[in-house]
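Residues per chain are reported as follows:
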Amino acid sequence: MDHLPIFFDVKNKPIIIVGGETLGARRTDMALRAGANVLLFADELSDEFDKLKLDEKFEHATEPLSAEHFKDAVLAYSTSEDEAVIEHVHGLARAASVPINVADNPALCDFITPSILDRAPLVVGISTAGTSPILGRMIKARLETMLPAAYGQFADFLGRYRTEVMDRIKDGALRRRFWEQVMDGAVFDHVLKGHEKDAVEEMNLELAAYAEGTPRHGAGEVYLVGAGPGDPDLLTFRALRLMQRADIVLYDRLVGDGILNLVRRDAERVYVGKLPKEHSVPQEEISEWLVKHARDGKRVLRLKGGDPFIFGRGGEEIEKLADEGIRFQVVPGVTAASGCASYAGIPLTHREHAQACIFVTGHGKDGRFDLDWETLVQPSQTVCIYMGLTHLPELLGEFIRRGADPDLPAAAVFKGTRSDQHVVAGALSDLAKKVAATELAGPAMIIIGTVVSLRDKLNWYRPEKRERTIAKTHSKETIRP
Ligand code: SAH
């Protein structure tokens, strides 16, 4: 290690900062956030100081910097680019034995400033010992995605219990298990959602159980998680966290391997989509499995395509859990209509085209649909049809029969957001025929409305570009109007 990593208490202690530009402002901001008294030397301050200088711990010194100023200082930063200034400041700091950081001059630095991930009281500092600050910043960006902003609140919350837990759980090993359970379970989830009261309640229950030496290991729970339409990049942070926590996962047809691979490696995997005999596991049976596994004390992940509450029967599944008193949480996912539309370059609403957007199911019985056609056949709106592929000719025909313009633009987005996404675009009158000619397989999202015509202009997404390249070589696969 080139440097000693420490977190230095500078509360109410003077820090000298030289320079009134961007870097000086950044150092000032950090020092003030840590509670220091900042004494800033510069002839002028840039706009970036406008807010900082209102802080009562900030003082703008215009007199020349002298040895006197360094008498009580605990740290100094020089952000000046002027060689003479740098030499002067550095000399004074050295003489007073005050550690100094000179910007962009490692040789003159007593300490370096790490990249900071601030989730106070949780703070992560990253140093590359000056070899590559950019690498430090990249690592910081990765950590940003792993540590939601609420981690700070969580650290605060845990801090409040530290002494009490020490007092009540004497056994060291048991205490460690307690903390692990708290940090990777319901208490954590409640704090992250901002449900302070629930978190306290859960914490007290857990603490009481451990204090009596009877941890509640039996308490399983269910996570009903929306996995989005296919691209793993569209998962939410919470979905990923719960996927990493699960003991068992029940998934269906719409959840692809790319996503399944992100579930905890040791988790048991149960497929509940279509079985080899082409029969789906009945809904009641899935609900019963969820209850049973949770009763066995497992963390059960019910992973669903898109959003669990949009044509996903999520409501039915949690109804059973609620009846049985099983703890559960629901995590929304990007629904197919939204994912397909974005990746196909079709805005679902647009001020000049559509003021409303309707999601309907095209799942019909014997070619008949239980749909409110009067509402569906209206100008200035977009209709997204889920499960509409099987009866596509009947569906589109019905739109026309009910008075829609046969030339109304319509598109079918196959395997939306995945690397093999295909878009077939046309109009109400010819889309079904165009789709039939491709032999593409579902899932497919049908989008109807004049917004589809914007696609030519807006199809700048990568999968679309790839699609165009593919279309050149295999022209029959993608048919454009
Ligand atoms: N809960 C899911 C929908 C389940 S219903 C969601 O919110 O997205 C299943 C239907 O969703 C499919 O028949 C198809 O119409 C649509 N769908 C799901 N994933 C899709 C995808 N990647 N591309 C196109 N359509 C998709």
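Draft legend 1. Local environment of the overall build of the protein chain. In terms of helices and strands, the protein chain carries 17 helices and 17 strands. Its C-alpha atoms give the protein chain a radius of gyration of 30 Å, more than 25% over the compact-globule value 23 Å for 481 residues. Dimensions of the protein chain, computed from the C-alpha atoms along their principal axes, are close to 90 × 60 × 40 Å. Going through the 481 residues of the protein chain one by one, you find that 45% of them count as buried. Pairs at least 24 apart in sequence give 63% of the contacts found in the protein chain among residues at least 6 apart. Summing over all exposed atoms, the protein chain offers an accessible surface of approximately 26,000 Å²; the carbon and sulfur share of this is 52%. Charge-centre separation for the protein chain: the mean point of 60 positive side chains lies 5 Å from the mean point of 71 negative side chains.

Draft legend 2. Representation of the sheet that holds strand 10 (residues 268-271). If you walk across this open sheet you meet the five strands as 10-9-11-8-12, and the pairing is parallel. A single partner strand is all that each edge strand has here, and the edge strands are strand 10 and strand 12 (327-331). This sheet shows a mean twist of 20 degrees between the axes of neighbouring strands, independent of strand direction. Where strand 9 (residues 248-251) and strand 11 (residues 299-304) come together, four bridges link them in parallel fashion.

Draft legend 3. A look at the side chain of Arg-27. Here Arg-27 shows up in helix 1 (residues 22-33). Arg-27 has contacts with Ile-17, Tyr-77, Thr-79, Asn-101 and Thr-113, leaving out every residue within four places of it along the chain.

Draft legend 4. Expanded view of the packing of aromatic side chains. Here the structure, examined in full by the defined rule, presents 11 aromatic pairs. Ring centres of Tyr-251 and Tyr-271 lie 5.4 Å apart, and the angle between their planes is 50 degrees; on these two criteria the pair is classed as tilted. Linking Tyr-251 in strand 9 with Tyr-271 in strand 10, this pair joins segments that are 20 residues apart in sequence. Ring centres 4.9 Å apart and planes at 55 degrees place the aromatic pair Phe-311 and Tyr-386 in the tilted group. Placement of Phe-311 in the loop between strand 11 and helix 11 (314-324) and of Tyr-386 in strand 14 (residues 381-386) is noted, with a sequence separation of 75 residues between them. Taken together, the ring pairs in this structure connect Tyr-151, Phe-154 and Phe-188 into an aromatic cluster.

Draft legend 5. Geometry of the site of the ligand. The ligand sits among 20 residues. The nearest are Asp-307, Ile-310, Thr-335, Gly-416 and Ala-444. Thr-335 is positioned such that a nitrogen or oxygen atom in its side chain is 2.6 Å from an oxygen atom of the ligand. Between the ligand and the protein, one listed contact pairs an oxygen atom with a backbone N or O atom of Met-387 at 2.9 Å. About the coverage of the ligand: the protein hides 93% of its 550 Å² of free accessible area. Residues belonging to the shell around the ligand are distributed by class as follows: 12 nonpolar, five polar and three charged. Looking at which domains feed residues into the shell around the ligand, each of domain 3 (221-334) and domain 4 (338-463) gives three or more.

Draft legend 6. Structural context of the pattern of salt bridges. For the coordinates displayed, the defined rule picks out 27 salt bridges. Across the salt bridge formed by Arg-264 and Asp-266, the nearest N and O atoms sit 3.7 Å from each other. With relative accessibility at 25%, the residue Arg-264 sits in the partly exposed group. The shortest N-O distance in the salt bridge between Glu-398 and Arg-401 comes to 3.0 Å. Taken together, the residues Glu-398 and Arg-401, both in helix 14 (residues 392-401) and three residues apart, mark about one turn of the helix. For Glu-398, a relative accessible area of 15% puts it in the buried group. Look at the salt bridges and you will find they share partners, linking Asp-184, Asp-189, Arg-245 and Arg-299 into a network.

Draft legend 7. Expanded view of the domain arrangement of the protein chain. Split by domain assignment, the protein chain resolves into domain 1 (14-113), domain 2 (151-211), domain 3 (221-334) and domain 4 (338-463). Domain 1 and domain 2 are separated by 41 Å when their C-alpha centres are compared.

What counts and how
Residues numbered from 1 in each chain as written. Predicted model: local features only at pLDDT ≥ 70, side-chain atom pairs only at ≥ 80, totals over all residues. Heavy atoms only, no water. Helix = DSSP H or I, 4+ residues; strand = E, 2+ residues; numbered from the N terminus. Rg over C-alpha atoms; globule rule 2.2 N^0.38 Å. Buried < 20%, exposed > 50% of the residue type's maximum accessible area, 1.4 Å probe, protein only. Contact = heavy atoms within 4.5 Å. Areas by Shrake-Rupley, 256 points an atom, 1.4 Å probe, with all protein chains shown as cover. Lys, Arg positive; Asp, Glu negative; His and termini not counted. Charge placed at Lys NZ, Arg CZ, Asp CG, Glu CD. Pairing = 2+ DSSP bridges. Axes fitted to C-alpha atoms, helices over the stretch in contact; angles between N-to-C directions. Phe/Tyr/Trp six-rings, centres within 6.5 Å; stacked < 30°, edge-to-face > 60°. Near = heavy atom within 4 Å. Polar contact = N/O pair within 3.5 Å; in protein donor to acceptor, adjacent residues only side chain to side chain. Nonpolar A, V, L, I, M, F, W, Y, C, P; charged D, E, K, R; others polar. Domains from an automatic or database assignment. Salt bridge = Lys/Arg side-chain N within 4 Å of Asp/Glu carboxyl O.

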